[in-house]
Amino acid sequence: MVYKDFQGLRLSALGLGAMRLPASGDNQSEINVAETEKMVAYAMEHGINYYDTAWGYHNGHSETVIGKILRSYPRDSYYLATKFPGYDLSNMDKIEEIFEKQLEKCGVDYFDFYLFHNVCEMNIDAYLDPKYGILDYLIRQKENGRIRHLGFSAHASCEVMRRFLDAYGAHMEFGQLQLNWIDWTFQNAKEKAALLTKYQIPVWVMEPLRGGKLASVSEDAAQKLRALRPDEDLPAWAFRFLQGIEGVTMILSGMSTMEQLQNNIRTFETERKLNQTEWDTLLGIAEEMIQKILPCTACRYCTAHCPKGLDIPKLLELYNEHCFTGGGFIAPMALMAMPQEKHPSACIGCRSCEAVCPQQIKISEAMADFHEKLKAAAI
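Residues numbered from 1 in each chain as written. Predicted model: local features only at pLDDT ≥ 70, side-chain atom pairs only at ≥ 80, totals over all residues. Heavy atoms only, no water.

Novice: I'm lost on the environment of Y199 in this one. Help?
Specialist: Looking at the element boundaries, Y199 is found in the loop between α8 (189-198) and β9 (203-206). On the accessibility criterion, Y199 (27% relative accessible area) is partly exposed. Distance in space between the C-alpha atoms of Y199 and A170 is 8.5 Å, their sequence separation being 29 residues. Leave out the neighbours within four places in its chain, and Y199 touches R162, L165 and D166. A polar contact is formed between the side chain of Y199 and the side chain of D166, at a distance of 2.4 Å. (Helix = DSSP H or I, 4+ residues; strand = E, 2+ residues; numbered from the N terminus. Buried < 20%, exposed > 50% of the residue type's maximum accessible area, 1.4 Å probe, protein only. Contact = heavy atoms within 4.5 Å. Polar contact = N/O pair within 3.5 Å; in protein donor to acceptor, adjacent residues only side chain to side chain.)

Here it is, written out as structure tokens:
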């Protein structure tokens, strides 16, 4: 196992994320505890010492299951991370209640790592609002030894991340980003990683395989990669990509099967960063995949012609994300921060925007499709 130094700690470079534990059937609330126990035992035996859970994972059961399993091991043999669930605004005035419950669920006296969960457009104002006292409370828990290291995770834009870091950056010891070879450009992860580096904050990685989507590519793309590294399987390319990025200290993977765990551990037996040719080839494949989505360049010619004043480039960006991911929470979450009259449903289909679009995008059709996809997801 490759290890990374963090403030004198020896962290396994691969961490086990507990968002996609093996489940009993399709019910994500019913974690297959016996299989999870086997996976944690294997992870422990092969050097993984970082375990990441959260209040909402597996409908609230992840913390309980992971905490119970880890109690079979010496407390100093692993590092446990969890998060304050600020993705739900109704939790903002419950920091003490939730934190105490998390300690109880996990069966520990302290958390090695604790995060502001999912800093984003929807919750940034609340996270920064002093009336909730979230930062003050967490600093007190750190002073009392109940939190060893404080950080945050974010799916936000760079602008929102800067707001958070300008306010709280002096207290943040690590930042967790969605970082992979697609989102390096697609979600501007390159700039986000550089922002953390600017603040001298180590990078924790989530979604290195984008929920498994990067575990397979087209046959043409696969042939290009095999020609460069015949002995490297496709998922390993995602991890090798990350091994070459400045500041990356922890790479979390939500592994659902023993096979995935074993394969990832084999990958992390060595550090084999991509050379320039390999890097360029992988990002070229990413560009080909991204080109299949709507080619908005954010020139903003359209916005001046929209009678409803919609931020069309932003909506198209969210539409592309939603389509590429096949749903997910990122687009709906971002829309929650916008007034209802600025949602895609507000488009009246007048096509004034299309008349000036240099890319000739059928914007009205995209807005209608986006609205239908969001309605279907809400059912």
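Now that the structure has been shown, the text picks up again.
Novice: Could you clarify how one ought to interpret the packing of aromatic side chains in this entry?
Specialist: Here the distance between the centres and the angle between the planes together describe a pair of aromatic rings. Applying the stated criterion across every chain yields a total of 24 aromatic pairs. Their ring planes at 90° and their centres at 5.6 Å tell us that W184 and F241 sit as a pair that is edge-to-face. Taken together, the residues W184 in helix α7 (residues 183-186) and F241 in helix α10 (residues 234-243) connect sequence positions 57 residues apart. In textbook terms, an aromatic cluster arises when at least three aromatic residues are bridged by ring pairs, as seen for F6, Y50, Y79, F113, F174 and W204. Positioned above the aromatic ring of W55, the side-chain terminus of K105 is 4.6 Å from the ring centre. For R148, the ring lying beneath its charged end belongs to Y110, and the centroid distance is 3.6 Å. (Phe/Tyr/Trp six-rings, centres within 6.5 Å; stacked < 30°, edge-to-face > 60°. Lys NZ or Arg CZ within 6 Å of the ring centre and 35° of its normal.)

Novice: Would you take a moment to explain the pairing of strand β8 (residues 174-178) for this structure?
Specialist: Of all 5 residues that make up β8, 5 are buried, and the element is covered over most of its length. Side chains F174, Q176 and Q178 project from β8 onto one buried face, and the interleaved G175 and L177 project onto a second face that is buried too. Examined bridge by bridge, strand β7 (residues 147-154) and β8 share 4 bridges and lie parallel to one another. In the strand pairing of β8, S153 is matched with Q176. Where β8 meets β9, 4 bridges bridge the pair, whose relative direction is parallel. (Pairing = 2+ DSSP bridges.)

Novice: I would appreciate a short explanation of the pattern of salt bridges in the present structure.
Specialist: For side chains bearing opposite charge, pairing can occur when the charged atoms are close. Within the structure shown, the criterion is met by 26 salt bridges. Each of the salt bridges in this network shares a partner with another, and the network as a whole consists of R229, D231, E232, R240, R272 and E278. (Salt bridge = Lys/Arg side-chain N within 4 Å of Asp/Glu carboxyl O.)

Novice: Even after reading the chapter, I still don't get the packing of helix α13 (residues 312-325) against helix α15 (residues 363-378), so can you show me in this structure?
Specialist: The relative placement of two packed helices is expressed as an angle between their axes plus a distance between the axes. Packing of α13 against α15 brings their axes to within 10 Å, and their N-to-C directions diverge by 55°. On the basis of the axis angle, α13 is oblique to α15. Relative to α15, α13 is oriented so that their crossing is left-handed. Contact residues: I312, L315, L316, L318, Y319, H322 and C323 in α13; I363, A366, M367, D369, F370, K373 and L374 in α15. (Axes fitted to C-alpha atoms, helices over the stretch in contact; angles between N-to-C directions. Parallel < 35°, antiparallel > 145°, perpendicular 65-115°, else oblique. Left-handed = near helix turned anticlockwise from the far one by under 90°.)

Novice: Would you take a moment to explain unusual backbone geometry for this structure?
Specialist: Peptide bonds are trans in most cases, and residues, glycine excluded, mostly fall at negative phi. With a phi close to 50°, H58 is a non-glycine residue in the positive phi region. Structurally, the position occupied by H58 is in the loop between β4 (50-52) and α2 (62-70). The buried category is assigned to H58, whose relative accessible area is 5%. Here the phi dihedral of N188 falls at roughly 60°; this positive angle occurs in a residue that is not glycine. Position of N188 relative to the elements: it lies in the loop between α7 and α8. Exposure remark for N188: the relative accessible area of 33% places this residue in the partly exposed category.

Novice: I keep staring at helix α12 (residues 276-290) and nothing clicks. Help me out?
Specialist: Think of an α-helix as turning once every 3.6 residues; residues three or four places apart then point the same way. Here α12 contains 15 residues, and its C-alpha end-to-end distance of 21 Å stays within 8% of the 21 Å for a straight helix at 1.5 Å per residue. Taken together, the buried residues of α12 touch α7, α9 (219-228), α10 and α13. Measuring from the backbone nitrogen of T277 back to the side-chain oxygen at the start of α12 gives 3.1 Å, which picks out N275 as the cap. (Expected span 1.5 Å × (residues − 1).)

Novice: Could you clarify how one ought to interpret the side chain of T82 in this entry?
Specialist: Mapped onto the elements, T82 comes out in strand β5 (residues 79-84). Residue T82 is classed as buried on the basis of its relative accessible area, which comes to 0%. Side-chain polar atoms of T82 contact the side chain of E63, separated by 2.6 Å. The contacts of T82, once residues within four sequence positions are left out, are T53, A54, W55, E63, Q102, F111, F113, Y114 and L115.

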